[in-house]
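Chain by chain, the residues:
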Amino acid sequence: QVQLVEFGGGLVQAGGSLRLSCEASGRTFSSDAMGWFRQAPGNERGLIARIDWSGGYTDYAASVKGRFTISRDNAKNLVYLQLNSLKPEDTAVYYCNVLVDGKPLDKYWGQGTQVTVSS
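Residues numbered from 1 in each chain as written. Predicted model: local features only at pLDDT ≥ 70, side-chain atom pairs only at ≥ 80, totals over all residues. Heavy atoms only, no water.

1. Description of the nonpolar core
As a reminder of what qualifies: Buried residues of nine kinds, namely Ala, Val, Leu, Ile, Met, Phe, Trp, Tyr and Cys, make up a nonpolar core once their side-chain atoms join them within 4.5 Å. Relative accessible area decides the class of each residue, using a 1.4 Å probe on protein chains only: under 20% of the type maximum gives buried, over 50% gives exposed, and in between gives partly exposed. Segments assigned H or I by DSSP are reported as helices when at least four residues long, segments assigned E as strands when at least two residues long, and all are numbered from the N terminus. Contact criterion: two residues are considered in contact whenever any of their non-hydrogen atoms come within 4.5 Å of each other.
Trp36, Leu81 and Tyr94 are the most contacted members of the largest nonpolar core, which has 28 residues in total. Elements that contribute at least two residues to this core include exactly strand S3 (18-25), strand S4 (33-39), strand S5 (46-51), strand S7 (68-73), strand S8 (78-83), strand S9 (92-100) and strand S11 (113-118). Leave out the neighbours within four places in its chain, and Leu81 touches Leu18, Arg19, Leu20, Trp36, Ile48, Ala49, Phe68, Thr69, Ile70 and Tyr94.

2. Digging into empty space enclosed by the protein
Our working rule: Only protein atoms enter the 1 Å grid used here. Points where a 1.4 Å probe fits but cannot escape make up a cavity, open sets with protein on both sides within 12 Å along at least five of seven lines make up a pocket, and a residue lines them when an atom lies within 4 Å of a point. Grid points are joined across faces, edges and corners, and a volume is the space filled by probe spheres set on the points. Lys, Arg, Asp and Glu make up the charged group, whereas Ala, Val, Leu, Ile, Met, Phe, Trp, Tyr, Cys and Pro make up the nonpolar group; the residues left over, Gly among them, are polar.
Applying the stated criterion across every chain, the model contains one cavity of 30 Å³ or more. Volume-wise, the largest cavity comes out at about 50 Å³. Lining the largest cavity, in full, are Leu4, Cys22, Ala24, Phe29, Ser30, Met34, Arg72, Asp73, Asn74, Asn77, Leu78 and Val79. Mapped by element, the contributors of at least two residues to the lining of the largest cavity are S3, S7 and S8. Of the residues assigned to the lining of the largest cavity, the class counts are seven nonpolar, three polar and two charged.

Structural data, given as structure tokens:
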């Protein structure tokens, strides 16, 4: 069974940092582009960061650019998201997923990891 499991979230004060991890099991994603998404209460889930299969290309939503960094370790089947200079508006559940033609695959959504930023 293929699973993506996100972890590393928590409660942090504004200005703080967190490192999220996404672990894949059941298959390797080393040949796939991957993305991090987030969903705040009352909002739709949206893509905030993406990385190509090699890690050589990354792209970010304007709201997180310069503060968040996506990376990956294909040998460990892990994708990371470093969150710096956190703001209360970053509070959300964060998810990872594979990207196929730029879109996530519904069958791979995991439980996500909650990030809460206090002011």
